[in-house]
Amino acid sequence: MKKLFTLVFILMISIPALAQIDLRGGMGISFSSTPALKDYLNQSYASYNNEVGSFYSTVSFAGEAGYFITNTFQLSIEASYSLNSFTFGSTIGQYDLSYGITAPTIIAYYVLPGIGYYFKFGGGVGPRFLSVDEKQPGSPVTDKFSTTGFGLLLKGEANTSLGSGVFANLGGDICYDAIGVPKQNGTPLRNSVIKEDVSFNTLSFGVHLGLTYKF
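Below is a short write-up of the structure.

Here is what the cut-offs are and how they apply
Residues numbered from 1 in each chain as written. Predicted model: local features only at pLDDT ≥ 70, side-chain atom pairs only at ≥ 80, totals over all residues. Heavy atoms only, no water. Helix = DSSP H or I, 4+ residues; strand = E, 2+ residues; numbered from the N terminus. Buried < 20%, exposed > 50% of the residue type's maximum accessible area, 1.4 Å probe, protein only. Contact = heavy atoms within 4.5 Å. Polar contact = N/O pair within 3.5 Å; in protein donor to acceptor, adjacent residues only side chain to side chain. Core = buried A, V, L, I, M, F, W, Y, C linked by side-chain atoms within 4.5 Å. Pairing = 2+ DSSP bridges.

A look at the side chain of Thr 147
Alright, step 1. The residue Thr 147 is located in strand β6 (residues 142-163) in this model.
Alright, step 2. Take Thr 147: its relative accessible area is 18%, and that puts it in the buried class.

Below you can see the structure in the form of structure tokens.
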């Protein structure tokens, strides 16, 4: 993976200075499905009327830099951070679990240019870095778990000119993150009810809004 990122970086800096660049920033919401996490929370902590659904919402923030190698082909690097939390009350106290995923991704786009707008459709791959904080009911200690994996991304975007190189950006994506089981000092997060480790492998469908600056 490091070799892939290095190769893309070399290609980018080798492009002539007149090559067009766009920079994007924005935020979005995803509807995510993490089956092992859902089972863990529902079986161990959630009440029958407050269970986690098959899909739940996750907030994300992202920035992206892309180089137009040709008028219809772009290589881009996106860095995103998504986060979510779950809280359940009980007679002995409150249970809290929160997690964040840092996701750098190399993306290749096919671009459809127009007058005052352009569309991008592409796919990419990159590493995933997961951190999890868990606090058991009645405990003053927050357990911290982490792991790394990789993700695959399919993405489409529409950019509409607002003037002076600034574009309104609207996009959607489908992502599968093969993250695996987070651990704390080598001990995995484990569902003691079914005696299985809790995997954070996730399928998500997202939409995002933001601004793009093209120069």
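From this point, things continue past the structure.
Examining the environment of Gln 94
Alright, step 1. Considering the arrangement of structural elements, one finds Gln 94 in strand β4 (residues 93-114).
Alright, step 2. Apart from residues lying up to four places away in sequence, Gln 94 is in contact with Thr 87, Phe 88, Gly 89, Lys 135, Gln 136 and Pro 137.
Alright, step 3. Among the polar contacts listed, one links the side chain of Gln 94 to the side chain of Asp 96, at a separation of 3.1 Å.

A short note on the nonpolar core
Here is a general trend for soluble globular proteins: nonpolar side chains tend to be buried in one another's company.
Alright, step 1. Core analysis: the biggest nonpolar cluster contains 19 residues, and Leu 37, Tyr 40, Leu 41, Phe 86, Leu 97, Tyr 99 and Phe 200 have the highest contact counts within it.
Alright, step 2. Taken together, the elements giving at least two residues each to this core come down to α2 (35-44), β3 (73-90), β4 and β5 (117-135).
Alright, step 3. Broken down by element, this core gets its largest block of residues, four residues, from β4.
Alright, step 4. When sequence neighbours within four positions are dropped, the list of residues in contact with Leu 97 reads Leu 37, Tyr 40, Asn 84, Ser 85, Phe 86, Val 132, Asp 133 and Glu 134.
Alright, step 5. Phe 68, Ile 107, Leu 153 and Cys 175 belong to the second-largest nonpolar core, a separate cluster that totals eight residues.

Quick look at the pairing of β3
Alright, step 1. As paired elements, strand β2 (residues 56-70) and β3 share eleven bridges and run antiparallel to each other. Paired with Val 59 across the bridge in β3 is Leu 83.
Alright, step 2. Taking the residues between adjacent antiparallel strands as the criterion, β2 and β3 are bridged by two residues.
Alright, step 3. As paired strands, β3 and β4 are joined by 18 bridges and run antiparallel to one another. Residue pairing in the sheet places Ile 77 in a bridge with Ile 106 of β4.
Alright, step 4. In this antiparallel pair of consecutive strands, β3 and β4, the connection spans two residues.

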